[in-house]
Amino acid sequence: MSQQKPGKTGAKDPKFRILLVDDHPVVLDGYKLMLNAQLDLVVCATATHSADALRAVESEQPDLVLTDLNLPGRSGLELIKDLAVLHPNLKVLVCSMHDEMLYAERALNAGAKGYMTKDSPGPVMVAAIRRVLEGGIYVSERLAARVLDLFAGARPRGSSSPLERLSDREFEVFRHFGEGRTAKEIAAKLNLSPKTVSVHRDHIKEKMEFATSAEMIRQAVRWVETQQLEGK
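Because the structure is predicted, anything quoted here is derived from the model rather than measured.

### Quick notes on helix α3 (residues 76–86)
For α3, the full list of buried residues reads Gly76, Leu77, Glu78, Leu79, Ile80, Asp82 and Leu83. Considering only its buried residues, α3 is in contact with β1 (16–21), α2 (50–60), β3 (64–67), β4 (91–96), α4 (100–110) and α7 (168–178).

### A short note on the pairing of β3
Here β3 shows a buried face lined by Leu64 and Leu66 and a second buried face lined by Val65 and Thr67. In this sheet, β3 lies alongside β1 in parallel orientation, the contact comprising four bridges. Within β3, the position partnered with Val21 by the bridge is Thr67. Where β3 and β4 come together, four bridges link them in parallel fashion. Counted as the bridge partner of Val65 is Val92 from β4. Crossover β3 to β4 through α3 is right-handed.

### Re the sheet that holds β1
What the five strands build is an open sheet, ordered β2-β1-β3-β4-β5; its pairing is parallel. Unpaired on one side and paired on the other, β2 (41–47) and β5 (114–117) mark the two borders of the sheet. Adjacent strand axes in the sheet meet at a mean angle of 25°, parallel and antiparallel pairs treated alike. With four bridges connecting them, β4 and β5 associate as parallel partners. Across the sheet, Leu93 pairs through a bridge with Gly114, a residue of β5. Contacts from helix α1 (residues 25–36) reach β1, β2, β3 and β4, with the element oriented near 165° to β2.

### Structural notes on empty space enclosed by the protein
With the rule as written, the count across this model stands at one cavity of 30 Å³ or more. If you add up the space inside the largest cavity, you get close to 50 Å³. In this structure, the largest cavity is lined by Leu69, Ser75, Gly76, Leu77, His98, Tyr103, Glu172 and Arg175. Mapped onto the lining of the largest cavity, the elements with two or more residues apiece are α3 and α7. For the lining of the largest cavity, the per-class residue count stands at three nonpolar, three polar and two charged.

### A look at the packing of aromatic side chains
To describe a pair of aromatic rings, you give the distance between the ring centres and the angle between the ring planes. Within this structure, the stated rule accounts for three aromatic pairs. Each ring, one from Tyr103 and one from Phe171, has its centre 4.8 Å from the other, and the planes form 55°; the classification is tilted. Pair noted here: Tyr103 is in helix α4 and Phe171 is in helix α7, with a separation of 68 residues, a long-range link. Here Tyr103 matches Phe171 in class, with each residue buried. When the ring of Phe174 is compared with that of Trp223, the centres are 5.9 Å apart and the planes differ by 55°; the resulting orientation is tilted. Placement of the pair is Phe174 in helix α7 and Trp223 in helix α10 (residues 213–230), with a sequence separation of 49 residues. In this structure an aromatic cluster arises from ring pairing among Tyr103, Phe171, Phe174 and Trp223. Taking NZ or CZ as reference, Arg106 lies 4.4 Å from the ring centre of Phe171, over its face.

Rules of the game
Residue positions are counted from 1 within each chain, in the order its sequence is given. With pLDDT at 70 or above as the cut-off, local features in this predicted model cover only qualifying residues; side-chain atom pairs require 80 or more to be listed or tallied, and sums for whole chains, interfaces and linings still use all residues. Each side-chain value is derived from all of the structure's non-hydrogen atoms; neither hydrogens nor water enter the calculation. Categorising residues by exposure relies on relative accessible area from a 1.4 Å probe, with only protein chains included: less than 20% of the type maximum marks a residue as buried, more than 50% marks it as exposed, and the intermediate range marks it as partly exposed. Elements are defined by DSSP. Helices are runs of H or I of four residues or more, strands are runs of E of two residues or more, and each kind is numbered from the N terminus. What makes two residues a contact is simply this: any of their non-hydrogen atoms within 4.5 Å. Pairing between strands is defined by DSSP: at least two bridges between them are needed. Assignment of crossover handedness uses the view with strands pointing away from the viewer, where a clockwise path from the first strand over the helix to the second indicates a right-handed crossover. Axis geometry follows a simple rule: fit a line to the C-alpha atoms, using only the stretch in contact for helices, then measure angles between N-to-C directions, giving values from 0 to 180 degrees. Only protein atoms enter the 1 Å grid, on which a cavity is a set of points fitting a 1.4 Å probe that cannot get out and a pocket is an open set with protein on both sides within 12 Å along at least 5 of 7 lines, lining residues being those with an atom within 4 Å of a point. Grid points are joined across faces, edges and corners, and a volume is the space filled by probe spheres set on the points. Any residue that is not Ala, Val, Leu, Ile, Met, Phe, Trp, Tyr, Cys, Pro, Asp, Glu, Lys or Arg is counted as polar, Gly included; the first ten are nonpolar and the last four charged. Two rings from Phe, Tyr or Trp (for Trp, the six-membered ring) form a pair when their centres sit within 6.5 Å of each other. Planes less than 30 degrees apart are called stacked, planes more than 60 degrees apart edge-to-face, and all others tilted. For a ring to carry a charge above it, either NZ of a lysine or CZ of an arginine must fall within 6 Å of the ring centroid while also lying within 35 degrees of the normal to the ring plane.

Take a look at the structure:
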């Protein structure tokens, strides 16, 4: 007789199993406390980086992964792509501090089924988790309106941000430069060689039409400062 997988409707454990991924333990503790208080949800494991998350998926068989994008080593975007290949039926919901207008599309393209920001109220997070578990997609009303505008052709030609031309990895490198890191520091943080970071930097310059690396870094710093102000 086959054993029914936990997290569905079996008598052994009717709750949906959630894996939490975030590099801040205090955030994990807060999420865990809130989600374990729900009658239909249980946190089966937590992880602070992508490698631990992949191991936890294998051992705990969660129904949903709730992940941040800002992780040490391989980023949350890379984790989503890995999960899409290794566990294509596993649902992933992103909860991040980053502006959804810039990151949500990348996360959804990578394989996530929803995107929410960390300033969302607890009930919104719970509702988003349930929607994704039911097979739906979760995005905010603001982002949904933008997507509808794009499908309707409401965005003027040529109005897209130059950042949209960057690959996910180039986008990460650009952000790290904006946060004041050197190429060597970025290489260590992303587990890349300094030469690879230099190649990404050159691609960013070319795609965003910067004349020099110094100009690119100045613009990256301005962009990060703008994001921080908008997040306050």
